Structures are given as structure tokens and as C-alpha cells.
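Topology and contacts: notes
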Amino acid sequence: MSPSVPTAPIALSCGEPAGVGPEIAVKAAQALDGAVPFFWIGDPRHLPHGARFSEISDPSEAHHVASGTLAVLRHEFHAMATPGVPDYDNAQGVIDVLRHAVALVQTGQASALCTAPIHKKVLKDGAGFAYPGHTEFLAHLAGVERVVMMLACPELRVVPVTIHIALRDVPEAFTSELLEETIRITATDLEKFWGICAPRIAIAGLNPHAGEGGAMGDEELEWMIPLISRLKSEGFDLKGPMPPDTMFHARARAGYDVALCAYHDQALIPIKTIDFAGGVNVTLGLPFIRTSPDHGTAFDIAGQNKADPTSLIAALNMAHEMSHAKRQKDHG
């Protein structure tokens, strides 16, 4: 492929029309000012009053809209949107936009998918949405069984091996098989989408002080250390199990490319402390790039021009960087 051919733009799904998604899409277009080509798939009626947007009929046209203007690929919804008040009549439209966006990425018309926040209960009640969330639905559309959630900012990447489960259920769910699968998916995608050959992976222990030799738990001795040793013999660059309370300061972070954590808060507390507004949700294990801002629909501030686009801007920037790294890898 010739270097003169521009990378396909990023597809940004509209998410919940009554949330902050439409507002932050417009703000992101203004802030990025064409530096990251992307287009929004949704109903222009849902954009804030007075928003600068330009309708396109093909994703490639996103490269040519005026600076600071949101490129819009029209997808008509059943109803108007009232900020802060979700309408079940629009639930199917949200799902259909996701299907459309995935199809565009799969055919190469979009280089990556960035998803604005959805509201799962609205989709379930309004359209019988049968998936726990975005990620599981995207995995279904992509035809993959196992995906991995990563949160990333410039200073840190973290992967919670178990995610949205009660803390009391973590020891049973956090297994050798699950950790190995997560390591393999994470290593593959860091190379594929970030260009990091032999990524350095730090693994947090489940217990305080990584078990302290069995004094505070025996999972580390019983199966974590043997698993890590076996995978290191295959060529994986692994560190751990590491004491979770000492692996996130600046000097420790310099020693790895990603940290794998046993459970949700072990991973998300450090990254939200380091960069609360700029964290990005990345789905690993898909055959395409997917990023998302690390926040929800924020119904309480929708329509008030208060929404902070920082996380969406970071998600679009990260998708752009990942697609560039993948393109370089694919074409030498």
C-alpha cells in the first residue's frame, strides 16, 4: 500500500442518544481539528443545537470535512432524543449502529471502532439486548469467544483478569487457565496493535504481599509461580507474581509494558488515580481495534454543555495510534 493513501478514518458509534455521547463527539471534533480523522454514526437530530457537523455518504469523505467539524454518517433513529431522558424507542437504533460500525471496520472502510457509552438496561428493556455490555456484543459480532479488557493511559496499561464480579467470587474465578489465556491475548495484541515485540508483562499477586511465601494465601505458590515459569520457558517476558501495593509507583511502572491484575479494583484504582479523565478502555482479542472512553452515559449532566471530552479524545487518539502501528506492521 502506498504511503500516500490515507489511513481509513475511525468509526465512532453514537452510543445512548440521551447521554453525553453526542455532546462529546462534537467537542472531540473541535478539539482534534482534523488531526485524527473520524466520523460519527448516528442521527444528526440527536446532536446539540448549533453543532458544527457535515453529513457524509461514505467513510472516506471524513478526511475532507472542514476543520473542527464533526463528520456524520447518518443513521436515522425512531425518535428524537431528550438529554438525560432515555427513550426505549431508540434502543434498537443504538444496537443497529454498533452492527453498522463493526461491518465498516471489518470491510476496511474504517480503521478502528471507538464506542460512545451505551446504557445496558435501556437496551435490554427497549430491544431485548441479551449481552452484559458493549464488549460481549462486539465479541459476538466478531465471532470470538474470549476477549480481554485493558485500561490504558500514557503512564500505565492495566488488565483486570476477572472483571465485574463480587470480590468474594474472585479466588474461584481467578484460575490458571484464565490467567494464561489473558497473558497470551494481551501479548499478541500488544505486538499487533502497539508494535511492542516481546512485551514485558507484570503480574500482580492475588494476595497481600503476593502471599508472602504462603503466610497470606497460597495461590501464588500453588499455581501462579508454576504457570509463570512455564510461560517464561516459552519466551514470554513475565514478572511476578508481584506484591500489588508496590508495583504501581513510577519506578516500578518503568519496568513493564502492561500490568495484569487479579480483579477489578486492583487494576482500576491505580490507573484512575494516575489519569482519571484520560483513561481509555481497549478491548483485546478482537480482530479489529476497539477503544472507548472510560465513563458512562452521564444522564445527570447530558444536554448541559458540562461533559468533559478528554477520555473520548484519548480514545480516538489511541485508536489512531494503534491503527498506525498495525498498518506499519502489516506493510513492513
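The rules behind these values
Residues numbered from 1 in each chain as written. Predicted model: local features only at pLDDT ≥ 70, side-chain atom pairs only at ≥ 80, totals over all residues. Heavy atoms only, no water. Helix = DSSP H or I, 4+ residues; strand = E, 2+ residues; numbered from the N terminus. Expected span 1.5 Å × (residues − 1). Buried < 20%, exposed > 50% of the residue type's maximum accessible area, 1.4 Å probe, protein only. Contact = heavy atoms within 4.5 Å. UniProt positions renumbered as here; feature names shortened; annotations may be inferred. 1 Å grid on protein atoms, 1.4 Å probe; cavity = no way out; pocket = protein on both sides within 12 Å on 5 of 7 lines; lining within 4 Å. Polar contact = N/O pair within 3.5 Å; in protein donor to acceptor, adjacent residues only side chain to side chain.

With twelve residues, helix α1 (residues 21–32) ought to run about 16 Å at 1.5 Å a step, and its terminal C-alpha atoms sit 16 Å apart, in line with that. Buried residues dominate α1, accounting for ten of its twelve residues. Buried within α1 we find G21, P22, E23, I24, A25, V26, K27, A28, A29 and L32. Those residues of α1 that are buried lie in contact with β1 (10–13), β2 (38–42), β4 (70–74) and α10 (310–330). Once α1 ends, the next one or two residues include D33, with phi positive near 55°.

Cis geometry marks the peptide bond from G240 to P241, where omega comes out at 0°. Among the structural elements, P241 can be located in strand β9 (residues 237–242). Phi is positive for A210, which is not a glycine, with a value near 50°. Summarising the element assignment, A210 is placed in the loop between β8 (200–204) and α7 (219–233). Residue classification places A210 among the buried positions, given a relative accessible area of 13%. Within the chain, A298 stands out as a residue other than glycine whose phi angle is a positive 50°. Here A298 is to be found in the loop between β12 (290–293) and α10.

Okay, the UniProt feature "binding site: substrate" (unreviewed entry) in the protein next. In this numbering, the UniProt entry assigns the feature "binding site: substrate" (unreviewed entry) to H134, T135, K272, N281 and R290. Put simply, the named residues that line the largest pocket are H134, T135, K272, N281 and R290. Summarising the element assignment, H134 is placed in helix α4 (residues 134–142). With residues up to four places along the chain from it excluded, the contact list for H134 reads L98, T115, A116, P117, I118 and R290. Topologically, R290 is positioned in strand β12. According to the relative accessible area criterion, R290 is buried, its value standing at 3%. The residues contacting R290, other than those within four sequence positions of it, are L113, T115, H134, T135, L138, N281, V282 and T283. Side chain to side chain, R290 and T115 meet in a polar contact 2.9 Å long.

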